[in-house]
Amino acid sequence: MLSKLIIVFGILNVWLLRFKKETPYRGATSKSLKDEFMAYGYPVWFFYMIGVFKLSFASLILLGFWYPIYLVQLGALGMVFLMIGAVFSHIKVKDTPKKYMPASIMLALSLFVFLGSFL
């Protein structure tokens, strides 16, 4: 249950509260989340699409507290794929491991939640 909450509130924090804020984990020398996607070489539409997916998958995980487990499975699996992409994006621009540590942790938690949902 704690892993699910960390994923949900982590995504909400990054994509809604810290959207335009500088953090030590932004890719390359980016000052905002949108700048980070531009530093990776992605088009603007991709930034918005990923945002919709991340918020949607986080919402499915949250809804899974009250509704069928397949919502958690779908949300967690989607998050696994997005976090793999995030880690590889950091590697692509030769970021230090510190910068992609949050994405790596979210990947591990998402995988844990997905696999744990079958037990």
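One can find the structure itself at the top, above this paragraph.
Residues numbered from 1 in each chain as written. Predicted model: local features only at pLDDT ≥ 70, side-chain atom pairs only at ≥ 80, totals over all residues. Heavy atoms only, no water.

### What to know about the overall build of the protein
On a plain count of helices and strands, the protein comes out with 5 helices and 0 strands. Tracing the protein from N to C terminus, the helices and strands come up as α-α-α-α-α. Relative to the globule expectation of 14 Å for 119 residues, the C-alpha radius of gyration of the protein, 14 Å, shows essentially globular dimensions. Along the three orthogonal principal directions, the C-alpha set of the protein runs to about 40 × 25 × 20 Å. Each of the 119 residues in the protein was classed as buried or not, and the buried ones make up 40%. Only carbon and sulfur atoms are counted for the fraction: they give 74% of the accessible area of the protein, which is about 6900 Å². (Helix = DSSP H or I, 4+ residues; strand = E, 2+ residues; numbered from the N terminus. Rg over C-alpha atoms; globule rule 2.2 N^0.38 Å. Buried < 20%, exposed > 50% of the residue type's maximum accessible area, 1.4 Å probe, protein only. Areas by Shrake-Rupley, 256 points an atom, 1.4 Å probe, with all protein chains shown as cover.)

### Quick look at the packing of aromatic side chains
Scanning the model with the defined rule gives 14 aromatic pairs in all. For the pair Tyr42 and Phe46, a centre-to-centre distance of 4.8 Å together with 50° between the ring planes defines the contact as tilted. Using a relative accessible area of 21% as the deciding quantity, one classes Tyr42 as partly exposed. Look at Phe46 and you get partly exposed, because its relative accessible area is 22%. Cluster of aromatic residues (ring-pair linked, three or more members): Trp15, Phe19, Phe37, Tyr40, Tyr42, Trp45, Phe46, Phe47 and Tyr48. (Phe/Tyr/Trp six-rings, centres within 6.5 Å; stacked < 30°, edge-to-face > 60°.)

### Focus on the packing of helix α1 (residues 2–17) against helix α3 (residues 44–63)
Two numbers describe how α1 lies on α3: the axes approach to 9 Å, and their chain directions differ by 150°. With respect to their mutual orientation, α1 and α3 come out roughly antiparallel. Considering only the axes of α1 and α3, their crossing is left-handed. For the pair α1 and α3, contact is made by Lys4, Ile7, Val8, Ile11, Leu12, Trp15 and Leu16 and by Phe47, Ile50, Gly51, Lys54, Leu55, Ala58, Ile61 and Leu62, respectively. Taken together, the residues of the contact of α1 with α3 sort by class into 12 nonpolar, 1 polar and 2 charged. (Axes fitted to C-alpha atoms, helices over the stretch in contact; angles between N-to-C directions. Parallel < 35°, antiparallel > 145°, perpendicular 65-115°, else oblique. Left-handed = near helix turned anticlockwise from the far one by under 90°. Contact = heavy atoms within 4.5 Å. Nonpolar A, V, L, I, M, F, W, Y, C, P; charged D, E, K, R; others polar.)

### Here we look at α1
Within the span of α1, buried status applies to Ser3, Lys4, Ile7, Val8, Ile11 and Trp15. Along the axis of α1, the buried residues cluster in a sector spanning 135°; they form a single face. Residues of α1 that are exposed and point more than 90 degrees away from the buried face comprise Leu2 and Leu17. The inward-facing, buried residues of α1 contact α2 (33–39), α3, α4 (69–92) and α5 (97–116). (Arc of directions from axis to C-beta.)

### Here's the deal with the side chain of Ser32
Relative to the elements of secondary structure, Ser32 occurs in the loop between α1 and α2. In this structure the side chain of Ser32 is engaged in a polar contact, spanning 3.2 Å, whose partner is the backbone nitrogen of Asp35. Setting aside residues no more than four positions away along its own chain, Ser32 makes contact with Phe19, Lys20, Lys21 and Arg26. (Polar contact = N/O pair within 3.5 Å; in protein donor to acceptor, adjacent residues only side chain to side chain.)

### Section: the environment of Pro68
Residue placement: Pro68 occurs in the loop between α3 and α4. For the pair formed by Pro68 and Ala39, sequence separation is 29 residues and the distance between their alpha carbons is 39 Å.

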